[in-house]
Amino acid sequence: MEIDSDRVANVDVPRTKVAREATELIRDTTSELIYHHSRRVYFFGSLQGRNRDLSFDPELLYLGAMFHDVGLNESFHNSGHRFEVDSADEARRFLQAHGVPEDSVRRVWTAIALHTTPGIPEFMEPEVALVTAGVEYDVLGIGYGAIPEAERAEIVALHPRPDFKRQILKAFTDGIRPKPETTFGNVKADVLEHFVPGFQRGDFVRTILESPWKE
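Here the structure is a predicted model, which means the values were calculated and not measured.

Undergrad: Would you mind going over the pattern of salt bridges in detail, with residue names and values included?
TA: In this structure the tally under the stated criterion is 19 salt bridges. Residue K17 pairs with E21 through a salt bridge whose shortest N-O separation is 2.6 Å. Remark: E21 and K17 occur in helix α1 (residues 17-29); sequence separation between them is four residues, near one turn of the helix. According to the relative accessible area criterion, E21 is partly exposed, its value standing at 27%. One salt bridge connects D163 with R166, and the closest N-O pair in it is separated by 3.5 Å. Under the relative-accessibility criterion, D163 is labelled partly exposed at 42%. R166 gets classed as exposed once you look at its relative accessible area, which sits at 63%.

Below is the structure:
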């Protein structure tokens, strides 16, 4: 299988065996949408790391970026877990099978599990912070002007974004529609509220008031 360029926008892609095999796995088991998005998350996260003067392990950032949305796959639709946890667990299985040290596995797991939980990852290890930063840049446009147009264009030329906004929302909807209970208290409830007729999001206040406690 042809592997994409090892250097884009002055960012090197890790050339280790585990990184190469992760690339092949994600390309073979996810959609083109998720594959290209995941690669962009790595590049944008790396550039944001430079902007923030963070020292990070490129391999761990790459692995977190590549696996962060694999939990949207159909095989996880009946897991009963948040897709972020399914993604993190799948990454952990892959990394442990490749003999990656447990502290590194923990960092990747945490980076993936928290990538849709704003306000926390930025205060954690650089790899955790930068997976979220890459996701927020590519999906939400947070910090858009912090990356020069030339570098952004080079990344998007290699990993294009055709109709990305609509398509990623569809992927989110398809991935979490079968387990709506997993959206309680997180941003994916917004997705189902917009795109799934009849969906009723969990209410934190009502949950407290209707708990079995008398007071």
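Back to the text.
Undergrad: Break down the side chain of D69 for me, citing the residues and quoting the values.
TA: Considering the arrangement of structural elements, one finds D69 in the loop between α3 (58-67) and α4 (83-97). Buried and unpaired, D69 has K188 as its nearest opposite-charge partner, separated by 6.5 Å. The residues contacting D69, other than those within four sequence positions of it, are I34, H37, F83, S87, H115, I168 and F172.

Undergrad: Account for the packing of α1 against α3, naming residues and giving values.
TA: Closest axis-to-axis distance for the α1/α3 pair is 10 Å, and the angle between their directions is 10°. By the angle class used here, α1 and α3 are roughly parallel. Listed contacts from α3 to V18, A19, A22, T23, L25 and I26 of α1 are E59, Y62, L63, M66 and F67. In terms of residue class, the contact of α1 with α3 is made up of nine nonpolar, one polar and one charged.

Undergrad: Report on helix α5 (residues 102-113), specifying residues and quantitative values.
TA: The end-to-end C-alpha distance of α5 is 16 Å, a good match for the 16 Å that 12 residues give at a rise of 1.5 Å each. Among all positions of α5, only S104, V105, V108, T110, A111, I112 and A113 are buried. The inward-facing, buried residues of α5 contact α3, α4 and α6 (126-140).

Rules used throughout
- Residues numbered from 1 in each chain as written.
- Predicted model: local features only at pLDDT ≥ 70, side-chain atom pairs only at ≥ 80, totals over all residues.
- Heavy atoms only, no water.
- Salt bridge = Lys/Arg side-chain N within 4 Å of Asp/Glu carboxyl O.
- Helix = DSSP H or I, 4+ residues; strand = E, 2+ residues; numbered from the N terminus.
- Buried < 20%, exposed > 50% of the residue type's maximum accessible area, 1.4 Å probe, protein only.
- Lys, Arg positive; Asp, Glu negative; His and termini not counted.
- Contact = heavy atoms within 4.5 Å.
- Axes fitted to C-alpha atoms, helices over the stretch in contact; angles between N-to-C directions.
- Parallel < 35°, antiparallel > 145°, perpendicular 65-115°, else oblique.
- Nonpolar A, V, L, I, M, F, W, Y, C, P; charged D, E, K, R; others polar.
- Expected span 1.5 Å × (residues − 1).

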